[in-house]
Amino acid sequence: MEAPLSSWPWQNLGSFKYLLYGPFVAKVMYSRYQEDSIWATWCLHVLILCSLRGLIYQLWSSFSNMLFLTRNRRIIKDGVDFKQIDKEWDWDNFVLLHAVMATLACYMLPNLVNLPIWDLSGLVVITILHIVISEPLYYCLHKCFHGNYLFSHYHSLHHSSAIPQPFTAGHATFLEQILLGGVIGIPILGSCLMGYGSVAIIYGYVLVFDFLRCLGHCNFEIIPHQLFLAFPFMKYLLYTPTYHNLHHTEIGTNYCLFMPLFDVLGNTLNPKSWDMHAKASVESGKNGRVPDFVFLAHVVDMTSALHVPYMFRSFSSIPFSTKLFLIPLLPLSFLAMLVMWLYSKPFLNTFYYLRGYLHQTWVVPRFGFQYFLPFAAQGINKQIEQAILRADRLGVKVISLAALNKNEALNGGGTLFVNKHPNLRVRVVHGNTLTAAVILKEIPNDITEVFLTGATSKLGRAIALYLCTKQVRVLMLTSSTERFQKIQKEAPAEYQKYLVQVTKYQAAKNCKTWIVGKWITPREQNFAPTGAHFHQFVVPPVLPFRRDCTYGDLAAMRLPLDVQGLGSCEYTMERGVVHACHAGGVVHSLEGWTHHEVGAIDINRIDLVWEAALKHGLKPVSSFRQID
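- As annotated in an unreviewed UniProt entry, the chain is Protein ECERIFERUM 3-like from Nicotiana tabacum.
- Recorded under Sequence similarities (unreviewed entry), the UniProt text for the chain is reproduced unchanged: "Belongs to the sterol desaturase family."

1. What about the overall build of the chain?
Here is step 1: Counting its secondary structure elements, the chain contains 24 helices and 16 strands.
Here is step 2: By its C-alpha atoms, the chain is 95 × 60 × 55 Å across when sized along the principal axes.
Here is step 3: Residues classed as buried in the chain amount to 54% of the 628 residues present.
Here is step 4: Just so you have it, the chain exposes about 29,000 Å², and 62% of that area is on carbon and sulfur atoms.
Here is step 5: Here the chain contributes 52 positively and 41 negatively charged side chains, and the mean placements of these two sets differ by 6 Å.

2. Describing the UniProt feature "transmembrane region" (unreviewed entry) in the chain
Here is step 1: In the UniProt entry, the feature "transmembrane region" (unreviewed entry) is given for residues 39-70, 122-141, 178-206 and 324-343.
Here is step 2: Secondary structure across residues 122-141 comprises 100% helix and 0% strand; the distance between its end C-alpha atoms is 26 Å.
Here is step 3: Summarising residues 324-343: 65% helix, 0% strand, and an end-to-end C-alpha distance of 30 Å.

3. Things to note about the nonpolar core
Here is step 1: With 58 residues, the main nonpolar core has Leu434, Leu467, Leu499 and Ile515 as its most contacted residues.
Here is step 2: If you tally residues by element for this core, the top one is helix H20 (residues 458-469), at 8 residues.
Here is step 3: Of the residues that make up this core, three or more belong to each of domain 2 (293-429) and domain 3 (442-577 + 601-627).
Here is step 4: If we skip the residues at most four places from it in the chain, leucine 467 touches Leu440, Ile443, Val450, Val472, Val474 and Ile515.

4. Remarks on the UniProt feature "domain: Very-long-chain aldehyde decarbonylase CER1-like C-terminal" (unreviewed entry) in the chain
Here is step 1: The feature "domain: Very-long-chain aldehyde decarbonylase CER1-like C-terminal" (unreviewed entry), as annotated in UniProt, sits at residues 450-620 in this numbering.
Here is step 2: Structurally, residues 450-620 comprises 28% helix and 19% strand, and the distance from its first C-alpha atom to its last is 21 Å.

5. Side note on H20
Here is step 1: Between its terminal C-alpha atoms H20 stretches 17 Å, which fits the 16 Å expected from 12 residues at 1.5 Å a residue.
Here is step 2: Across the 12 residues of H20, 11 count as buried, placing the element largely inside the fold.
Here is step 3: All of the buried residues along H20 are Lys458, Leu459, Gly460, Arg461, Ala462, Ile463, Ala464, Leu465, Tyr466, Leu467 and Cys468.
Here is step 4: Looking one or two places after H20, you find glutamine 471, whose phi comes out positive at around 65°.

6. Quick notes on the side chain of asparagine 245
Here is step 1: Structurally, asparagine 245 is set in helix H11 (residues 241-249).
Here is step 2: Here asparagine 245 is in contact with Ile75, Ile76, Pro164, Gly216 and Asn219, once residues within four sequence places are set aside.

7. Section: the sheet that holds strand E4 (residues 398-401)
Here is step 1: The 6 strands lie next to each other as E5-E4-E1-E3-E2-E13, forming an open sheet whose pairing is mixed. Each of the sheet's edge strands pairs with one partner strand only, and the pair in question is strand E5 (427-429) and strand E13 (563-564).
Here is step 2: Summarising the sheet, E4 and E5 pair through 3 bridges and their orientation is parallel. Residue pairing in the sheet places isoleucine 399 in a bridge with valine 428 of E5.
Here is step 3: Against the sheet, helix H23 (residues 580-591) touches strand E1 (293-298), strand E2 (347-354), strand E3 (357-364), E4 and E5, its axis set at about 165° to E4.

8. Some details on the pattern of salt bridges
Here is step 1: Across all of its chains, the model carries 18 salt bridges by this definition.
Here is step 2: Of the charged contacts in the structure, one is a salt bridge between aspartate 92 and lysine 17, with a shortest N-O distance of 2.9 Å. Placement of the pair is aspartate 92 in the loop between helix H4 (82-87) and helix H5 (93-108) and lysine 17 in the segment before helix H1 (22-30), with a sequence separation of 75 residues.
Here is step 3: Classification of lysine 17 as buried rests on a relative accessible area of 3%.
Here is step 4: Among the salt bridges present, the one from arginine 558 reaches glutamate 574, with a minimum N-O distance of 3.1 Å. Taken together, the residues arginine 558 in strand E12 (residues 556-558) and glutamate 574 in the loop between E13 and strand E14 (577-579) connect sequence positions 16 residues apart.
Here is step 5: A relative accessible area of 29% means that arginine 558 is categorised as partly exposed.
Here is step 6: Note on glutamate 574: relative accessible area 44%, which makes it partly exposed.
Here is step 7: Each of the salt bridges in this network shares a partner with another, and the network as a whole consists of Lys17, Asp90 and Asp92.

9. Examining the sheet that holds E12
Here is step 1: Read from one edge to the other, the open sheet built from 3 strands follows the order E14-E12-E15, with strand pairing classed as antiparallel. Among the strands making up the open sheet, the edge pair consists of E14 and strand E15 (619-620).
Here is step 2: In this structure, E12 lies alongside E14, joined through 3 bridges in antiparallel fashion. Note that in E14 the partner of alanine 556 across the bridge is histidine 579.

10. Points about the pairing of E3
Along a regular strand, successive side chains alternate from one face of the sheet to the other.
Here is step 1: Among the 8 residues of E3, 7 are classified as buried, and the element is accordingly described as predominantly covered.
Here is step 2: Here E1 runs beside E3; their pairing, made up of 6 bridges, is parallel. Across the sheet, the residue bridging to histidine 298 is valine 364, located in E3.
Here is step 3: Direction of pairing for E2 relative to E3: antiparallel, over a ladder of 7 bridges. Bridge pairing in E3 links tyrosine 352 to histidine 359.
Here is step 4: Where E2 folds back on E3, the antiparallel hairpin that results is connected by 2 residues, among which arginine 355 adopts a positive phi of roughly 55°.

Here is what the cut-offs are and how they apply
Residues numbered from 1 in each chain as written. Predicted model: local features only at pLDDT ≥ 70, side-chain atom pairs only at ≥ 80, totals over all residues. Heavy atoms only, no water. UniProt positions renumbered as here; feature names shortened; annotations may be inferred. Helix = DSSP H or I, 4+ residues; strand = E, 2+ residues; numbered from the N terminus. Buried < 20%, exposed > 50% of the residue type's maximum accessible area, 1.4 Å probe, protein only. Areas by Shrake-Rupley, 256 points an atom, 1.4 Å probe, with all protein chains shown as cover. Lys, Arg positive; Asp, Glu negative; His and termini not counted. Charge placed at Lys NZ, Arg CZ, Asp CG, Glu CD. Core = buried A, V, L, I, M, F, W, Y, C linked by side-chain atoms within 4.5 Å. Domains from an automatic or database assignment. Contact = heavy atoms within 4.5 Å. Expected span 1.5 Å × (residues − 1). Pairing = 2+ DSSP bridges. Axes fitted to C-alpha atoms, helices over the stretch in contact; angles between N-to-C directions. Salt bridge = Lys/Arg side-chain N within 4 Å of Asp/Glu carboxyl O.

In structure tokens, the structure reads:
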């Protein structure tokens, strides 16, 4: 049976819970028709304060997920997975609750509404009340909630988050947040009732309170130990992220709100607190663990640039799609693009662990459209080269190039870097061998004919040569007879007849298996017969237009179930699914292969790479979609 006040009254409302702010908005909007607007002004303050509180948590979350800044300062090295993100999805429930509690307090004590903007004496009073009342009260309550009944029925929810995060601070039961509202409210009410309250003091106290709560849960050490060396008494007045992390990892110690003094007085101070903080602070300047595998990605476009954990953690944990809330942020994305273009280098975006190996995703700070600007090619190759050389210096085993980073016209599918640096220890991989395998294994065994666009590309060539050896007739769409004949001559003589050059889409009007490697318009899709299926390896994917046909997604594979710390989706892929070129690098790393995989695809390795992927637990993702 569920414990009383453990669940939230609006937990079934989902996003509709924000409609509960409606009365506050209505009061403010209606104020212009009222002679007395004091209550409307108070409602406006509540709305502003709620927005600022949410902003503080969001900014702290963004900061803690900027791994390119915090990676060497992280206390717990593991990543935040989808399970924890889903648990903390409604972390902001307490903001709405405290808005309601504040409103009730004002209606019960109407004199609290008419406050001055500033009163310097109130700063002293509210500080004293916080130290004398809020700190010891929270300490006692917190210690009580670690008792058997209260912990198992209430406080265990907060501790169920394995990796403390700013949003973890707001992740608690309804009862706990009511009590926390009281802890916050007592100094505010006390200063107001004593005649020292002011609007500025209320704003300042609440926002500083939230700021320090986020500080304790951010999971990276930001407070230098030199501060405590210079002012030893400060370590009793201000806790650190390391200090509070110890409470989460070694339950039964470090119960304080913000001041370790009360743990000292209550004999609950973890003896490792100061040494661990000093160690974390000193080692923050050192490089952490070297990744075993790196996937070198790039930004796709302005909107998908916002699909990263340090923008919106929850949004990045679901497959990307354009949302309305992204539109106001596009100027920020555009500004970021300009800054990265002028001054930037490849940076760490996400990471996860697979069977004890550390896998990271680095990002080349360039947007998709920039890869098609002739004057930008040299700079982009320089960025990719910089990432490869850095991986080589660090001791990374494999680096896999994503999408446009391995464009043939840009760098020959990675051959430019391997030829320029023949002594590379890191293996450079384009991952297209597995991409080809994923596409080929989706094609039913009884298919006798396919239509192939992008037929003379790297992937198109490999697909055509592989299929013809299976005695599948391949209609290769290309206007270049020279390129077609070059590929045809690569096939064994007895299979060359299965490769057929076509120059028009009409040639495929009776072919129900289309393999799309070049973007096709809805008009061109019309030439496919009813019931046709569009396999594809074109970026971006084609627009699904035909209701009587099915469409495949980009080649992808699902990571093994034992992947740890994965909490973001790779572009439009489902949770736990990565592009095939990413998976190809993973397989290369797990197998310990010592060769580079660059340039043309080795047809003879397609089945080998596929079998290796399955052996290591990677699974193909069904890509059949039909328009409703």
